[in-house]
Amino acid sequence: ALRKFEGEIDLIHAHGLRNGVGLQALRERRKRDVPLLITPHGMHFPQLMSRGKLLKSLVSMGWDRRYQRSATCFHVTSDLELRHLRSAGVTQPAAGAPIGVSANADETAAPGIDDLVPGARGRRIALFLAILDRKKGARRLVESWGRVAPDGWQLVIAGPDLGGHRAEVERAIESSAQRDSITLLDGVYGADKWRLMRAASVFVLPTEWESFGIVVGEALASGVPVITTTQTPWRALPE
C-alpha cells in the first residue's frame, strides 16, 4: 500500500511500539527522510513493560530503540502517559492531545435494549464495555457486584474475549449470589454500542491502568456518569 504513495508522503504517523508497524515506519522514515510522529498508546507504562521483560528488552536493543530515536515527536494522550514516556528516557518533544471521541450519543428517539439485554426491562443498568482482559477488571467487578447487591439494578458486561479471560468472568458470575442480575454479552459495536451507552445509568471500568480509556470518553459523551480507578488519566472526574 505504501508503494502507491511514492513521493507523496510528507509525514509518517506510527501507532504503537515493538510491532511490525514500527519496523515499517522506521524503514519508510529512512527512505523518505520525512518527519516521524509516534503515538505509543501506553507502551511505556511500567505495568505493560513488566510483561515479557526478556523479549521486550531484546526487541528494544534492536530496531525498536532505533525506531524511537528516529522519531521527530511523540504524541501522548494524557499527562500520565507523558510522565511514563519521560521516565523511559524519551527526550524528544511530546505533544499532548486526547484521543477524539466520535459519538452518536446525541441521537434522539433511539430504540430500547430489550433485544440486547432481555432481563433489563424496568431495571437500572450499570455498564462495563471493554475488552475482557484481566487488567480491565471485569471479574473483580462481578465479585464486587455480589457484595454490593444493589436492588433494581442489572450489571451488563460486554466485550470480546482476550487471552481466555471470559471463562474467568463466567465462573465468577456462576458463583455469584447475584448472578441473575448480571448479563454477559460478546463485543457490541456500532449503533448497538451507543444504545447500550445511552441506556446505562452508570458506566464502570475498574481497570488496573489505562493510557487514555476511550470508553470513558464515550460514556461521558453519552451523558453517563463514570466510575473508574485512579490508575487512569481520568482523575479529574470528580471536578
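Further up the page is the structure itself.
The following refers to the structure shown. Everything numeric in this text was worked out from a predicted model, so none of it was measured.

The rules behind these values
- Position numbers for residues count from 1 along each chain, tracking the sequence in the order it is written.
- Where local features are concerned, this predicted model is filtered to residues with pLDDT of at least 70; where side-chain atom pairs are given and counted, the filter is 80 or more; whole-chain, interface and lining totals use all residues.
- Based on all heavy atoms of the structure, the side-chain values leave hydrogens and waters out of the count.
- Any residue with an atom within 4 Å of a point lines the site, the site being either a cavity, points on a 1 Å grid over the protein atoms alone where a 1.4 Å probe fits but cannot get out, or a pocket, an open set with protein on both sides within 12 Å along at least 5 of 7 lines.
- Grid points are joined across faces, edges and corners, and a volume is the space filled by probe spheres set on the points.
- Helix numbering and strand numbering both begin at the N terminus, where a helix is a DSSP run of H or I of at least 4 residues and a strand a DSSP run of E of at least 2.
- In this count, Pro and Cys sit with the nonpolar residues alongside Ala, Val, Leu, Ile, Met, Phe, Trp and Tyr, while Asp, Glu, Lys and Arg are called charged and the others, Gly among them, polar.
- One bridge is not enough; two strands pair if DSSP finds at least two bridges between them.
- Note on geometry: axes are lines fitted to C-alpha atoms, helical ones only across the stretch in contact, with angles between N-to-C directions running from 0 to 180 degrees.
- When checking whether two residues touch, look at their non-hydrogen atoms; a contact exists if any pair is within 4.5 Å.
- Under this scheme an angle from 65 to 115 degrees is roughly perpendicular, one under 35 degrees roughly parallel, and one over 145 degrees roughly antiparallel; angles in between are oblique.
- For every residue, the accessible area (1.4 Å probe, protein chains only) is compared with the maximum for its type, and the residue is labelled buried under 20%, exposed over 50%, or partly exposed between those bounds.
- Convention used here: a crossover is right-handed provided that the path from the first strand, over the helix, to the second strand proceeds clockwise when the strands point away from the viewer.
- Each polar contact in these results corresponds to two N or O atoms within 3.5 Å; when the atoms are within protein, one needs to be able to donate a hydrogen and the other to accept it, and residues that are neighboring in sequence are counted only if both atoms are side-chain atoms.
- To pair, rings of Phe, Tyr and Trp, with the six-membered ring standing in for Trp, must have centres within 6.5 Å; the planes then decide the type, stacked if under 30 degrees apart, edge-to-face if over 60, and tilted in the middle.
- Two conditions define a charge located above a ring, namely a distance within 6 Å from the ring centre to NZ of Lys or CZ of Arg, and an angle within 35 degrees of the ring normal.

## Looking at the layout of surface pockets
To locate leftover empty space, one rolls a probe as large as a water molecule over the atoms. Considered as a void within the structure, the largest pocket measures approximately 610 Å³ in volume. What lines the largest pocket is a set of 29 residues, among which Ile131, Lys136, Glu210, Ile214 and Val215 lie closest to the centre. Tallying contributions element by element places helix H8 (residues 214-221) first for the lining of the largest pocket, with three residues. Within the lining of the largest pocket, the residues separate by chemical class into 15 nonpolar, six polar and eight charged.

## Concerning the sheet that holds strand E7 (residues 182-185)
If you trace the five strands from one edge of the open sheet to the other, you get E7-E6-E5-E8-E9, paired in parallel fashion. Strands at the two margins of the open sheet, each flanked by one partner only, are E7 and strand E9 (226-228). Neighbouring strand axes in the sheet, compared pairwise and without regard to direction, differ in orientation by 20° on average. Bridge analysis of strand E8 (residues 202-205) against E9 gives three bridges, and the strand direction is parallel. Bridge pairing in E9 places Val204 opposite Ile227. Together, strand E6 (153-158) and E7 form the strand contacts of helix H6 (residues 165-174), whose direction differs from that of E7 by roughly 160°. Along the sheet, H8 makes contact with strand E5 (124-129), E8 and E9, crossing E8 at roughly 175°.

## As for the packing of helix H5 (residues 138-148) against H6
With their axes 9 Å apart at the nearest point, H5 and H6 run at an angle of 5° to one another. In terms of axis orientation, H5 runs roughly parallel to H6. Counting all contacts with H5, which are made through Ala138, Arg139 and Val142, the residues of H6 involved are His165, Glu168, Val169, Ala172 and Ile173. Looking at the contact of H5 with H6, its residues break down into five nonpolar, one polar and two charged.

## Structural notes on the sheet that holds strand E1 (residues 12-15)
Read from one edge of the open sheet, four strands run E1-E2-E3-E4, paired in parallel fashion. Here the strands that pair on one side only, and so sit at the sheet edges, are E1 and strand E4 (94-96). For this sheet, the mean angle separating the axes of adjacent strands, direction not counted, is 25°. Relative to strand E3 (residues 73-76), strand E2 (residues 36-39) is paired through two bridges, and the arrangement is parallel. Within E3, the position partnered with Leu37 by the bridge is Cys73. Taken strand by strand, helix H1 (residues 20-32) contacts E1 and E2, and its axis lies near 160° from that of E1. The strands that helix H4 (residues 79-87) touches are E3 and E4; relative to E3, the one it contacts most, it runs at about 140°.

## Here we look at the pairing of E2
Every other side chain in a regular strand lies on the same face of the sheet, so the side chains alternate between the two faces. What you see with E2 is no split at all: Leu36 and Ile38 on one side and Leu37 and Thr39 on the other are buried throughout. Relative to E2, E1 runs parallel, the two being bridged by four bridges. Across the sheet, Ala14 pairs through a bridge with Ile38, a residue of E2. In this fold, E1 hands off to H1, which returns the chain to E2; that crossover is right-handed.

## Regarding unusual backbone geometry
Notably, Asp33 is not glycine yet its phi reads approximately 55°, a positive angle. Along the chain, Asp33 turns up in the loop between H1 and E2. On the accessibility criterion, Asp33 (63% relative accessible area) is exposed. Even without being a glycine, Ala149 presents a positive backbone phi close to 50°. Here Ala149 lies in the loop between H5 and E6.

## So, the environment of Asp115
Mapping Asp115 onto the fold places it in the loop between E4 and E5. A polar contact is formed between the side chain of Asp115 and the side chain of Arg195, at a distance of 2.5 Å.

## Here we look at the packing of aromatic side chains
The final tally for this structure, using the stated rule, is one aromatic pair. Positioned over the ring face of Trp209 is Lys135, at 3.9 Å from the centre of the ring.

Distances and angles like these do not, on their own, reveal function.
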